[in-house]
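Residues per chain are reported as follows:
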Amino acid sequence: MNGLSLSELCCLFCCPPCPSRIAAKLAFLPPEPSYTALAESGGRWALRFSERAEWQYGQRELDCTDIFLTRTGRGNRIACMFIRCSPTARFTLLFSHGNAVDLGQMSSFYIGLGTRINCNIFSYDYSGYGVSSGKPSEKNLYADIDAAWQALRTRYGISPENIILYGQSIGTVPTVDLASRYECAAVILHSPLTSGMRVAFPDTKKTYCFDAFPSIDKISKITCPVLIIHGTEDEVIDFSHGLALYERCLRAVEPLWVEGAGHNDIELYSQYLERLRKFISYELVNVQRN
């Protein structure tokens, strides 16, 4: 999410404003695709990375990675990726990534993360990202995660009580929306935003009818445990967004406020993995036992 000039803001909000225009201006930066998905016999797909993906692993990890396309309720075909990171994993993360990357660029991170926190990872590319068809929009975000959720449930037979929804940056928007409508094991919000207007205009105190991404109004509908992670020096989505969402959560767990971290470097701090491991391996397991 980039800062806007005065003229761009005037154009954005005076034409008159609409959610799709706010969303397009503030959020979506799809990169050049870093991978291809080639159809093979038997309904399988072959995954091929370009140099831009910066793949860090070998054939063994590639063999544990499935890719396929599924159709959304709005008619787009989106790419989905399932990575079997651990044979003993109880939970699967349904991971909604940030705005300037695609599945190819995230795949090595997913393997490293899943291996370290003992979770499998299922992710997807938004409409207009990677090899997914269509164009990115707020409505497509919600349809995209719905299709991913259904694919994870039906194709792999994973029950909601074993699914953790993980959203990063713009990915927190569809994550909050889905979690406000479906039961799941838990939600993790990494550098979340409260709404599009509140990012563009930090003094905004209420949600207007033309606002985009109004997670602040949906967060209280989530009934499962919610872990919020935010850097105190976030230069893209101010730390106050994480605080505001935390205050609205019904079942917020101890948050992780990473002192000195910005928007794109939280993963480099040791407390990031430590907090995830404690939440997933101890707190969630104990909640489900009781």
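What you see is a predicted model, and the numbers here were worked out from it, not measured in a lab. (Residues numbered from 1 in each chain as written. Predicted model: local features only at pLDDT ≥ 70, side-chain atom pairs only at ≥ 80, totals over all residues. Heavy atoms only, no water.)

Engineer: Give me the lowdown on helix H6 (residues 172–179), citing residues and values where you can.
Structural biologist: Within H6, eight of the eight residues are buried, leaving the element largely enclosed by the surrounding structure. Inspection of H6 places Thr172, Val173, Pro174, Thr175, Val176, Asp177, Leu178 and Ala179 among the buried residues, and these make up the whole buried set. Along its buried surface, H6 packs onto strand S5 (91–96), strand S6 (119–124), helix H5 (138–156), strand S7 (163–168) and strand S8 (186–190). (Buried < 20%, exposed > 50% of the residue type's maximum accessible area, 1.4 Å probe, protein only. Helix = DSSP H or I, 4+ residues; strand = E, 2+ residues; numbered from the N terminus. Contact = heavy atoms within 4.5 Å.)

Engineer: I'd like to hear about the packing of aromatic side chains, residue by residue, with values.
Structural biologist: For any two aromatic rings, the description comes down to two numbers: the centre-to-centre distance and the angle of the planes. Considering all chains together, one arrives at 17 aromatic pairs under this definition. Summarising the aromatic geometry, the rings of phenylalanine 82 and phenylalanine 122 are spaced 6.3 Å apart at their centres and angled 50° between planes, so their arrangement reads as tilted. With phenylalanine 82 in strand S4 (residues 77–83) and phenylalanine 122 in strand S6, the pair connects residues that are 40 residues apart, well separated along the chain. Judged by relative accessible area, which is 4%, phenylalanine 82 ranks as buried. (Phe/Tyr/Trp six-rings, centres within 6.5 Å; stacked < 30°, edge-to-face > 60°.)

Engineer: Describe in detail helix H8 (residues 239–248), supporting the description with residues and values.
Structural biologist: Buried residues of H8: Phe239, His241, Gly242 and Leu245, and no others. End-on view of H8: buried residues confined to an arc of 160°, all on one side of the axis. Check the buried side of H8 and you find it contacts helix H7 (196–200), strand S9 (226–231) and strand S10 (256–258). (Arc of directions from axis to C-beta.)

Engineer: Help me get a handle on the pairing of S6, residues and values and all.
Structural biologist: For S6, a buried count of six out of six residues is recorded, marking the element as mostly surrounded by other parts of the structure. The two faces of S6 match: Cys119, Ile121 and Ser123 on one face and Asn120, Phe122 and Tyr124 on the other face are all buried. Two elements, S4 and S6, share four bridges in a ladder whose sense is antiparallel. Its bridge partner being in S6, cysteine 80 is matched across the sheet by tyrosine 124. Judged from the five bridges that link them, S5 and S6 form a sheet pairing that is parallel. Bridge pairing links phenylalanine 95 to serine 123 in S6. Following the backbone out of S5, through helix H4 (residues 103–117) and into the adjacent parallel S6, one traces a crossover that is right-handed. (Pairing = 2+ DSSP bridges. Right-handed = clockwise from strand over helix to strand, strands pointing away.)

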